[in-house]
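# Structure at a glance
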Amino acid sequence: MATSVNNPTTKRYAVVTGANKGIGLGICKQLAADHGFTIWNIVQVNNAGIGGIAVDEKGFLAQASKIDKVAGIKWAEISTESYELTEQCVQTNYYGAKRMTEALIPLLQLSDSPRIANVSSSMGKLKV
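Keep in mind that this is a model prediction, so the values were computed, not measured.

Each value, and the rule that gives it
- Residues numbered from 1 in each chain as written.
- Predicted model: local features only at pLDDT ≥ 70, side-chain atom pairs only at ≥ 80, totals over all residues.
- Heavy atoms only, no water.
- Helix = DSSP H or I, 4+ residues; strand = E, 2+ residues; numbered from the N terminus.
- Buried < 20%, exposed > 50% of the residue type's maximum accessible area, 1.4 Å probe, protein only.
- Contact = heavy atoms within 4.5 Å.
- Areas by Shrake-Rupley, 256 points an atom, 1.4 Å probe, with all protein chains shown as cover.
- Salt bridge = Lys/Arg side-chain N within 4 Å of Asp/Glu carboxyl O.
- Expected span 1.5 Å × (residues − 1).
- Arc of directions from axis to C-beta.
- Phe/Tyr/Trp six-rings, centres within 6.5 Å; stacked < 30°, edge-to-face > 60°.

## Here we look at the overall build of the chain
Across its full length, the chain holds 5 helices and 4 strands. For the chain, the N- to C-terminal ordering of α and β elements is α-β-α-β-β-α-α-β-α. Looking at the 128 residues of the chain, the share that counts as buried comes to 14%. Across the chain, every contact between residues at least 6 apart in sequence was considered, and the portion connecting residues at least 24 apart equals 57%. Carbon and sulfur atoms provide 57% of the accessible area of the chain, an area that totals close to 10,200 Å².

## Looking at the pattern of salt bridges
In the structure shown here, the tally under the stated rule is 1 salt bridge. With a shortest N-O distance of 2.4 Å, Lys98 and Glu102 are connected by a salt bridge. Of this pair, Lys98 and Glu102 both sit in helix H5 (residues 83-108), 4 residues apart, roughly one helical turn. Accessibility expressed as a relative area gives 32% for Lys98, which makes it partly exposed.

## So, helix H2 (residues 22-35)
In a regular helix each residue adds 1.5 Å, so 14 residues correspond to 20 Å; H2 covers 19 Å between its end C-alpha atoms and thus fits that length. Listed as buried for H2 are Gly24, Cys28 and Leu31. Burial along H2 is one-sided: seen end-on, the buried residues are contained in an arc of 70°. Of the exposed residues in H2, the ones pointing more than 90 degrees away from its buried face are Gly22, Ile23, Lys29, Gln30, Ala33 and Asp34.

## Let's talk about the packing of aromatic side chains
In total, this model carries 1 aromatic pair according to the counting rule given. An angle of 80° between the planes, with centres 4.7 Å apart, marks the rings of Tyr94 and Tyr95 as edge-to-face. Take Tyr94: its relative accessible area is 47%, and that puts it in the partly exposed class.

## What about the environment of Arg12?
Structurally, Arg12 can be placed in the loop between helix H1 (2-6) and strand S1 (13-17). Spatially, the C-alpha atoms of Arg12 and Asp112 are 9.8 Å apart, while their sequence positions differ by 100 residues.

The structure is reproduced here in structure tokens:
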């Protein structure tokens, strides 16, 4: 990696989605400053994961007021699932990342060392 940073004829590019703040912005700063990348940030309308459940707001607030951490909430008691919500969850959390990756493959193939790195929130977990 150090040879390409010091070699002015080698150009390195990174595409980062959702890099307006938080982890994405931190990744961009490190890639640009520490590794000499030119960054392309793709501005998405919403790149957040979704849980695929509907939560009863009153039930959530009642439980949350009694405990210190969200991890202690009994989600099964205050949430419902449906086919439509599950479909939205899979379309957003799985197919969204898959389609973005597929769209960028032609650009990646132009590189002599292509890389794909996916960073996920807790919405990317298969179990809680």
